Amino acid sequence: MKSLIIGGTGFVGAYLAAHLRSLGHKVAVTKMPGEADTFVRQDAEVFALDILEKEAVLRLLREWKADFIFHLAAQSSVALSWKKPELTADVNIKGSLHVLEALREIAAGQEPCKKARVLLVGSGEEYGSVLPQEIPVRETVCLRPGNIYAASKACQNMIGRIYAQAYGLEVIMVRPFNHIGRNQSPVFAVADFCRQAAQIEAGRQEPVIRVGNLDVKRDFTDVRDVVRAYAMLAECGKAGETYNVGSGHARSIREMLRMVLDHSTANIRVEVDPHRLRPVEVPVIEADIRKMQEVTEWAPQIALEQTVSEMLDDWRK
């Protein structure tokens, strides 16, 4: 089997590449021209690709003839999406269109060609302001995206479904919820808690962790469990369908912080930083994962306590 990870040099891509190699896949990943491929080992082929260059996307897909394509490339910062909405729309919508159009053109060619199965990675952010009676969130819930990033991912999802239905492409969509692990950027809460705790232990920060709203609840999963779900859904998911990927259990940010503090060797105070508070917060977001589990045998295997301990050790290094 040959797998191509578009946008594979980041946090999730490195874990996905490692998992696919463990399954015996020959793996290739793409990176932006000039981007470092720090997390990708030498046993994965690396291609420089700008997904906004349509012809370059077509050339690569024709050349590499993957059995599975995992589309991870995205502008994934909510904050940046407010500052650069055009860039967010270009990368997340136009970039995805370039991939799907290339696959349509290849499938329409005269030479026999096995259709690649494509996993379009969206986001739980697409659901937006979830109503209390809609928890846990099912894939059929009305989407109410509350930011430009979420809206662009919702659009990507709709386009993926159209290409599956109109052109018979094997496109499967996923909406992952919060996932955490080593090498994650500290722009995300749990990684930031671990970073601050490690700084405090090293004497580089006063013994105070600054936080936002600790009472909101989110659905957290170890990134290694998430990429297992991606691989299973790429193989078993139904074309044109969308699947939630999460633990199915919401935990408060306070509980996640407590895990960090329990694993820290320092005596740490917690202070609320007004700059970290959002004007509007959805109190609880929890994924309904029954649809995914109907087509796979997936279940989370890694306890979050283990994940947090490993993340803190990683920041200590």
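Structure shown above.
Remember, predicted model here, so these are calculated numbers, not experimental data.

Asker: Looking at this model, I keep getting lost on the environment of G13. Mind explaining?
Answerer: For G13, the position within the fold is in helix α1 (residues 11–22). When the C-alpha positions of G13 and T30 are compared, they lie 9.6 Å apart, and in sequence the two are 17 residues distant. Those residues within four positions of G13 in sequence are excluded, and the remaining contacts are I5, G8 and L72.

Asker: Where do I start with the nonpolar core in this structure?
Answerer: Grouped together as the largest cluster of nonpolar side chains are 38 residues, with contacts concentrated most on I5, L16, F70, L119, Y230, V245 and M292. Counting only elements with at least two residues in this core, the list comes to α1, β2 (26–31), β4 (68–71), β5 (117–121), β6 (170–176), α7 (223–236) and β11 (242–245). Beyond its immediate stretch of four places on either side in the chain, Y230 contacts V12, L16, F70, L119, V121, V174, P176, H179 and V245. Residues L4, A56, L60 and A102 belong to the second largest nonpolar core, which totals 30 residues.

Asker: Please clarify how the sheet that holds β11 should be interpreted in this entry.
Answerer: Across a sheet, paired strands are connected by hydrogen bonds in the backbone, their directions being either parallel or antiparallel. If you trace the seven strands from one edge of the open sheet to the other, you get β3-β2-β1-β4-β5-β6-β11, paired in parallel fashion. One side of each edge strand has no neighbouring strand; the edge strands of this open sheet are β3 (45–48) and β11. Pairwise comparison of adjacent strand axes, ignoring direction, gives a mean angle of 20° for this sheet. One ladder, built from four bridges, connects β2 with β3; its direction is parallel. From the neighbouring strand, K31 faces β3, where its bridge partner is A48. In the packing of helix α4 (residues 85–107) onto the sheet, the strands contacted are β1 (2–6), β4, β5 and β6, and the crossing angle to β4 comes to about 165°. Across the sheet, α7 is in contact with β4, β5, β6 and β11; its angle to β5 comes to roughly 140°.

Asker: For this particular structure, what's the right way to read the packing of α1 against α7?
Answerer: Running from N to C, α1 and α7 cross one another at 60°; their axes reach a closest spacing of 9 Å. Relative to α7, α1 is oriented oblique. The hand of the α1/α7 crossing is right-handed. Residue-level contacts link F11, V12, Y15, L16, H19 and L20 of α1 to V223, R224, V227, R228, Y230 and A231 of α7.

Asker: Is there a simple way to explain the pairing of β6 in this structure?
Answerer: Working note: regular strand, side chains alternate between the two faces of the sheet. Within β6, six of the seven residues are buried, which leaves the element mostly enclosed by the surrounding structure. Here five bridges tie β5 to β6, and the two strands are oriented parallel to one another. Counterpart to R117 in the pairing with β6 is E170. Taking the sense of rotation as the criterion, the β-α-β connection linking β5, helix α5 (residues 148–167) and β6 turns out right-handed. In this sheet, β11 lies alongside β6 in parallel orientation, the contact comprising four bridges. Across the sheet, P176 pairs through a bridge with V245, a residue of β11.

Asker: Sorry if this is basic, but what is going on with the packing of helix α8 (residues 253–263) against helix α10 (residues 304–316) here?
Answerer: Packed helices, taken two at a time, are described by the angle between their axes plus the distance between the axes. Between α8 and α10, whose axes approach to 9 Å, the crossing angle comes to 55°. Accordingly, the angle class assigned to the pair α8 and α10 is oblique. The interaxial crossing formed by α8 with α10 has right-handed handedness. Between α8 and α10, the contacting residues are M256, M259, V260 and H263 on the first element and L304, E305, V308, S309, L312 and R316 on the second. Broken down by class, the residue content of the contact of α8 with α10 amounts to six nonpolar, two polar and two charged.

Conventions adopted
Residues numbered from 1 in each chain as written. Predicted model: local features only at pLDDT ≥ 70, side-chain atom pairs only at ≥ 80, totals over all residues. Heavy atoms only, no water. Helix = DSSP H or I, 4+ residues; strand = E, 2+ residues; numbered from the N terminus. Contact = heavy atoms within 4.5 Å. Core = buried A, V, L, I, M, F, W, Y, C linked by side-chain atoms within 4.5 Å. Buried < 20%, exposed > 50% of the residue type's maximum accessible area, 1.4 Å probe, protein only. Pairing = 2+ DSSP bridges. Axes fitted to C-alpha atoms, helices over the stretch in contact; angles between N-to-C directions. Parallel < 35°, antiparallel > 145°, perpendicular 65-115°, else oblique. Left-handed = near helix turned anticlockwise from the far one by under 90°. Right-handed = clockwise from strand over helix to strand, strands pointing away. Nonpolar A, V, L, I, M, F, W, Y, C, P; charged D, E, K, R; others polar.

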